[in-house]
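Per-entry structural report
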Amino acid sequence: MAEKIIFDTDPGIDDALALLLLAASPEVELLAITVTHGNTSQDKCLRNALQLVELAGITHVPVARGASEPLVKELSVAEETHGDGGLGYAQLPPSSQKPDGLLAHDLIIDLVEKNPGEITLLCVGPMTNIALAFLKKPSIAGKVKKIISMGGAIHYPGNATPQSEYNVFCDPEAFDIVLNAGIECILVPLDVTYKCIFTTEHLARITKARSDVKKFIDDSTRFYMEFHASHQSIQGCAINDPLAAALLIDPTLVHNRDYFVSVELLSPTSKAKTIADHYGALKKAPNAKVSMDVDVERFMNLFIERMNALI
Ligand code: BDR
Ligand code: CA
């Protein structure tokens, strides 16, 4: 049976690629897309999500407007990474889709209540919407099947500050709430996603996708690759969010380690750092399965095969 999921996202170039991967994957039943601020503003992320469901041919999936701001800190956006509009050089036609009548956190509550123990939350942006849902209705945390989250940096340096990963950086307090909600949580940090560098050679293997999908992938990743080259000296682009999504299709792509992970909330120099208790010094039960290794080739093959299925 297909895995029921809610996709919480801030599209975003790699978010968009993750959405395409989900749309191409019968292993997944996408119940809703809930939009957060993050790579760009809530308004632009929402517009992008509504355009992407048309591109991906999944207009039956509700798209809900989410939080415009983090719980505590001020808003950040990453337009130098993802472009002014959030999708690099890609230009999608205006969407005829409208957002769902419920706000993201209310839609999450509603769907989890109706499907107790069955829904996986796939979270590839700041965790504000999920934290708001848990704060409003604490009992739903116990009804979520599990969380897969692209977030954090364990040994790898940060990409937002020297020590913090962007999704955690954008709303560290929300991430802390979700991590400690007592739900099975698979954390997919930069340690593995930055091994998954999508190159022009990979791009050249996407030959069968419908022409508008292919053009979208070309135009969005060209911008993303330019950012990685100019800011991080990486040839290609890290496809973070698709790796998290791919675990719904094949969990054996990664090797996980059980850790108690905390989020630094106070230090001015390392705020939003994710700290794993490697040797169990804190004597706390693990709160996350953290992906520490990945079969890059198998993941890239899966990603390219699914993009080629979008015909
Ligand atoms: C994460 O931050 C965003 O820029 C990407 O979409 C991804 O979810 C990587 O740190
Ligand atoms: Ca994202």
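Structure first, text after, so check above.
Read on for an overview of the structure. (Residues numbered from 1 in each chain as written. Chains lettered and ligands numbered in written order. Predicted model: local features only at pLDDT ≥ 70, side-chain atom pairs only at ≥ 80, totals over all residues. Heavy atoms only, no water.)

1. A word on the overall build of the chain
Counting its secondary structure elements, the chain contains twelve helices and twelve strands. On C-alpha atoms alone, the chain measures out to a radius of gyration of 18 Å, which is about the 19 Å that the 2.2 N^0.38 rule sets for 311 residues. Its C-alpha atoms put the chain at 55 × 45 × 40 Å along the principal axes. Classification of the 311 residues of the chain by burial places 59% in the buried group. Looking at the chain alone, contacts between residues at least 24 apart form 84% of all its contacts between residues at least 6 apart. By element, 54% of the accessible surface of the chain is carried by carbon and sulfur atoms, the whole surface being about 12300 Å². The distance from the centre of the 27 positive side-chain charges to the centre of the 39 negative ones in the chain is 3 Å. (Helix = DSSP H or I, 4+ residues; strand = E, 2+ residues; numbered from the N terminus. Rg over C-alpha atoms; globule rule 2.2 N^0.38 Å. Buried < 20%, exposed > 50% of the residue type's maximum accessible area, 1.4 Å probe, protein only. Contact = heavy atoms within 4.5 Å. Areas by Shrake-Rupley, 256 points an atom, 1.4 Å probe, with all protein chains shown as cover. Lys, Arg positive; Asp, Glu negative; His and termini not counted. Charge placed at Lys NZ, Arg CZ, Asp CG, Glu CD.)

2. Remarks on the sheet that holds strand 6 (residues 185-188)
Spatially, eight strands are ordered 3-2-1-4-5-6-12-9 in an open sheet, and the strand pairing comes out mixed. Here the strands that pair on one side only, and so sit at the sheet edges, are strand 3 (63-64) and strand 9 (254-259). In this sheet, strand 4 (residues 119-123) lies alongside strand 1 (residues 3-9) in parallel orientation, the contact comprising five bridges. Directly across from Ile-5, in strand 4, lies its bridge partner Thr-120. (Pairing = 2+ DSSP bridges.)

3. Notes on the coordination of the calcium ion (ligand 2)
Protein ligation of the calcium ion (ligand 2) involves Asp-10 (OD), Asp-15 (OD), Asp-15 (OD), Val-124 (O) and Asp-241 (OD), the donor distances falling in the range 2.3 to 2.6 Å. Between consecutive donor residues of the calcium ion (ligand 2), the sequence gaps follow D-x4-D-x108-V-x116-D. Of this pair, Asp-15 sits in helix 1 (residues 13-23) while Asp-241 sits in helix 11 (residues 240-246), placing them 226 residues apart in sequence. By the burial criterion, Asp-15 is buried, and Asp-241 matches it. (Donors = N, O, S within 2.8 Å, 3.2 Å for Na, K, Ca; no water.)

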